[in-house]
Amino acid sequence: MQPGLRPRLIFRRSTAVPPERQLGREAVIALVAHGCFQLGASMSGLFLNLYLWRLTQDLVVNGMYNIVLYLVTPAAFAAGGWIAKRKDRMFTYRLGIFAIALFYLLVVIAQGKVAEWYIGFAVFNGVAAGFYWTGFLVLSYDVSTETNRIRFLAINMVVFNSAGLIGPALAGSIIQRSSGLQGYILIFAVASVMFLLAALISLRIPVIRSHHKAYYLHMMGLLMRKTGSGCRGWPAFSCSGRFRA
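Residues numbered from 1 in each chain as written. Predicted model: local features only at pLDDT ≥ 70, side-chain atom pairs only at ≥ 80, totals over all residues. Heavy atoms only, no water.

**Student:** How should the overall build of the protein chain be read in this particular structure?
**Tutor:** When its secondary structure is counted, the protein chain shows nine helices and zero strands. The helix and strand sequence of the protein chain, counted from the amino end, reads α-α-α-α-α-α-α-α-α. Taking the intrachain contacts of the protein chain between residues at least 6 apart in sequence as the baseline, contacts between residues at least 24 apart amount to 84%. Of the roughly 14,200 Å² that the protein chain leaves accessible, carbon and sulfur atoms contribute 68%. (Helix = DSSP H or I, 4+ residues; strand = E, 2+ residues; numbered from the N terminus. Contact = heavy atoms within 4.5 Å. Areas by Shrake-Rupley, 256 points an atom, 1.4 Å probe, with all protein chains shown as cover.)

In structure tokens form, the structure reads like this:
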């Protein structure tokens, strides 16, 4: 063996992913679909608020839009969990993606009318987001195992943050090169296509019928009392999410 070759082979063996930690086909598909979704979301979410501001020059409209959105989303999240129990987590997941794609398609069609119907758009967006995140969080658990879940979540965060960096930069570049408000309409159209693509990719994950239909949402209070440290972390997580948005 040539000098220097043995250490290189040892290094390659040591960095190889053990079979039990490798991601399965469904996990990879879920990551790709979520990457498409997050790219569309990062392009459109922030700039929808800017679009409302450009249309109205009124912070009250932006404030009310986000208040309604954040009030509706938890209720939709809970409803999405109930639907996932009755149907399947993929039903809730795909329903959420298709609803968000439809949401931005309606924004493209309505254009300036969005400012007049902003409460309705906020409710629609909140319902769609709640369904999507319910489905995705359950799906993340199902497509990973005890041995590779940490790796799946780590890769998911890389995908999430990468899309979160690329999306706004790409959207800002499109808006800068467009006249008037046409750039906003274009990025909403592109985002709608990305959501539709994510939905189509998710069709490669099969539906799993479960016989466990019980939904234990009413026991949430008991869980919160028993996990004090988790409850203390939720407000911080919520603040972090709001600042990132």
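**Student:** Help me out: how do you make sense of the pattern of salt bridges in this one?
**Tutor:** Any two side chains of opposite charge can pair, given that their charged atoms come close. Applying the stated criterion across every chain, the model contains two salt bridges. Lys113 is the partner of Glu116 in a salt bridge, and the nearest nitrogen-oxygen pair spans 3.8 Å. Classification of Glu116 by relative accessible area gives exposed; the value is 53%. (Salt bridge = Lys/Arg side-chain N within 4 Å of Asp/Glu carboxyl O. Buried < 20%, exposed > 50% of the residue type's maximum accessible area, 1.4 Å probe, protein only.)

**Student:** Just to check I follow, could you spell out a nonpolar patch on the surface for this structure?
**Tutor:** Nonpolar side chains collect at one region of the surface, where Val60, Met64, Ile67, Leu71, Ile119 and Val123 lie side by side and expose about 520 Å² of accessible area between them. Of all the elements in the fold, those that place two or more residues in the nonpolar patch are helix H3 (59-86) and helix H5 (118-142). Broken down by element, the nonpolar patch gets its largest block of residues, four residues, from H3. Counting through the fold element by element, Ile119 comes out in helix H5. A residue is classified by how much of its surface remains accessible, and Ile119, at 35% relative accessible area, is partly exposed. (Patch = residues over 30% accessible without salt bridge, like charges linked within 9 Å, V, L, I, M, F, W, Y side chains within 5 Å.)

**Student:** Explain the packing of aromatic side chains to me, please; I cannot follow it from the model alone.
**Tutor:** For any two aromatic rings, the description comes down to two numbers: the centre-to-centre distance and the angle of the planes. Here the structure, examined in full by the defined rule, presents 15 aromatic pairs. The ring of Tyr141 has Arg149 lying over it, and the distance from NZ or CZ to the ring centre is 4.0 Å. (Phe/Tyr/Trp six-rings, centres within 6.5 Å; stacked < 30°, edge-to-face > 60°. Lys NZ or Arg CZ within 6 Å of the ring centre and 35° of its normal.)

**Student:** Help me understand the environment of Leu71 in this model?
**Tutor:** With respect to the helices, strands and loops of the structure, Leu71 is situated in helix H3. Taking the C-alpha atoms as reference points, Leu71 and Gly126, 55 residues apart in sequence, are found 7.9 Å from one another.

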